[in-house]
Amino acid sequence: MVERRTDGGVPGPPPGSRTIRRSIEVEYWVVDEAGNLVEPDGLTDFPGVEREFVKPLLEIKTSPCESSEELRAELLERISKVVNRGNDIGKRLVPLGTPINEPEIQEHPSDRTRIQNDVVGENFDYVRHCAGTHIHVEQQPGRSIDQLNTLIALDPALALVNSSPYYQGRNVAASARSWLYRWKAYDDLSHQGRLWRYVESQDEWNRRLERRYEDFVTAAMDEGIDRRDIEANFDPESAVWTPVQLRERFNTVEWRSPDTALPSQVLQIADHISEVIEHLERTELRIEGERGEIREDGIIVPEFDTVLGYLNEAIENGLRSEAVCGYLERMGFQPDTYDPIAHAIDGQEVVQQEEARKIRLAYATRLEEDVNRAAPTRRK
């Protein structure tokens, strides 16, 4: 019998059970000491640290880790190295899903971004204002579709780490990033940017990818782009943006929905996602009804349209939605242990650029404090 956790969360694993590997990719804005967005020159020469496709953004990623403790130690160590180097050269990391108010975000020129700009058009500007977190969990033989469907059902959990309600200074949603990706950037591309319905088989997933890829290729060719150029930069997996994906390249299921956030918040939600997936390996998945619940003898997820309703509430209102909080509690989360940045800074309808710079600096300080508080944990 699997023992239930005393905190009301996901039932814990039996002694000696194998853990599932997991990893994190998190993006941070880079600012100078006045809060202006700047390029991450001098910050990217560490393992797991890379530039992103827009100039003032960098990504910090971990290797696949065997446990939550290993993941925590590696992520915090890598962030700490970047923070310390930034202190030396006057640059800081900002854990906000959007830069609050910034008229223009420039991108690094590349064939890939050129094609995306041509296909998506002016709406691609919305993507340039987004910073997020990707959580990978290792695919398990024979269970990858169940893992995918479970993460689809857990997509409303993005509310736990919403970190910016603002786009171009306007208060648009509790998760402005999700609002931009799902309802603005890809609005003219069928099935892109949105959460996909549950999948019945690997073959069905592959067919969906191929159809979306051909849609993308057709749209690009309609813009005058040679098919050979498209195929040199995109394949069916990389041409798709949907919040939950099977990643053949990494042998993972990837959850791409959360905003960037403080490191402790990112690790907290990654821990829970990993616990759910580990519990799934020892039990069954059922799709039924409208409630959803994690039990010792099974994971019950609601019908997709119900999940979509919770998801829309999570994007619009975050943890201020009682329906979202109730659903997440039934799915083993503890919403009252999360403190989303978005709810701390959403008090204004409009934020001017000077105030946006102050908010960025305030949360750069919060990130540094967050990493420093975790330092003793890393040394254990």
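Residues numbered from 1 in each chain as written. Predicted model: local features only at pLDDT ≥ 70, side-chain atom pairs only at ≥ 80, totals over all residues. Heavy atoms only, no water.

**A closer look at the overall build of the chain**
A tally of regular secondary structure across the chain gives twelve helices and twelve strands. For 380 residues, the compact-globule estimate of 2.2 N^0.38 gives 21 Å, and the chain sits close to it at 20 Å. Taking the principal axes of its C-alpha atoms as reference, the chain extends roughly 55 × 55 × 40 Å. Put simply, the chain has 380 residues, and 58% of those count as buried. Counted over contacts in the chain with a minimum sequence separation of 6, partners at least 24 positions apart contribute 73%. For the chain, the accessible area works out to roughly 16,000 Å², and carbon and sulfur atoms hold 42% of it. Both charge centroids of the chain, one from 47 positive and one from 71 negative side chains, sit 2 Å from each other. (Helix = DSSP H or I, 4+ residues; strand = E, 2+ residues; numbered from the N terminus. Rg over C-alpha atoms; globule rule 2.2 N^0.38 Å. Buried < 20%, exposed > 50% of the residue type's maximum accessible area, 1.4 Å probe, protein only. Contact = heavy atoms within 4.5 Å. Areas by Shrake-Rupley, 256 points an atom, 1.4 Å probe, with all protein chains shown as cover. Lys, Arg positive; Asp, Glu negative; His and termini not counted. Charge placed at Lys NZ, Arg CZ, Asp CG, Glu CD.)

**Regarding the environment of Cys130**
Positionally, Cys130 belongs in the loop between helix H3 (124-127) and strand S5 (133-138). You can call Cys130 buried: its relative accessible area is 5%. Residues Cys130 and Gly289 lie 159 residues apart in sequence; the distance between their C-alpha atoms is 34 Å. Non-local contacts of Cys130, meaning those with residues more than four positions away in its chain, are made with Glu27, Trp29, Leu57, Gly97, Arg177, Leu180 and Tyr181.

**Looking at helix H2 (residues 111-120)**
Owing to its 3.6 residues per turn, the α-helix brings residues three or four apart onto one side. Burial in H2 covers these residues: Thr113, Ile115, Gln116, Asn117, Val119 and Val120. In the core, the buried residues of H2 are packed alongside H3, helix H5 (176-185), helix H6 (202-222) and helix H7 (227-233).

**Considerations on the environment of Pro141**
Topologically, Pro141 is positioned in the loop between S5 and helix H4 (144-153). Take Pro141: its relative accessible area is 77%, and that puts it in the exposed class. C-alpha separation for the pair Pro141 and Glu33, spaced 108 residues apart in sequence, amounts to 49 Å.

**Comments concerning the packing of aromatic side chains**
Remark: the centre distance and the inter-plane angle together describe each pair of aromatic rings, the angle taken between the planes. Taken as a whole and assessed by the stated rule, the structure comprises eight aromatic pairs. Each ring, one from Phe53 and one from Phe124, has its centre 5.7 Å from the other, and the planes form 45 degrees; the classification is tilted. Of this pair, Phe53 sits in the loop between strand S2 (49-51) and strand S3 (57-61) while Phe124 is found in helix H3, placing the two residues 71 residues apart along the sequence. A relative accessible area of 2% means that Phe124 is categorised as buried. Linked through ring pairs, Tyr181, Tyr186 and Trp241 together constitute an aromatic cluster. (Phe/Tyr/Trp six-rings, centres within 6.5 Å; stacked < 30°, edge-to-face > 60°.)

**Topic: the confidence of the model for the chain**
Within the chain, residue pLDDT values average 93, and 94% of them lie at 70 or more. In this model, residues 1-7 is a region of pLDDT below 50 whose contacts with residues beyond four sequence positions or in other chains number 19 contacts. (pLDDT = per-residue confidence, 0-100.)

**Focus on the sheet that holds strand S12 (residues 298-301)**
Strand order across the open sheet formed by three strands is S10-S12-S11, with mixed pairing between neighbours. Strands with a single pairing partner mark the edges of an open sheet, and in this sheet they are strand S10 (285-287) and strand S11 (293-295). Strand-to-strand twist across the sheet, computed as the mean angle between neighbouring axes with direction ignored, equals 15 degrees. Direction of pairing for S11 relative to S12: antiparallel, over a ladder of three bridges. Pairing of Glu293 across the sheet is with Ile300, part of S12. (Pairing = 2+ DSSP bridges. Axes fitted to C-alpha atoms, helices over the stretch in contact; angles between N-to-C directions.)

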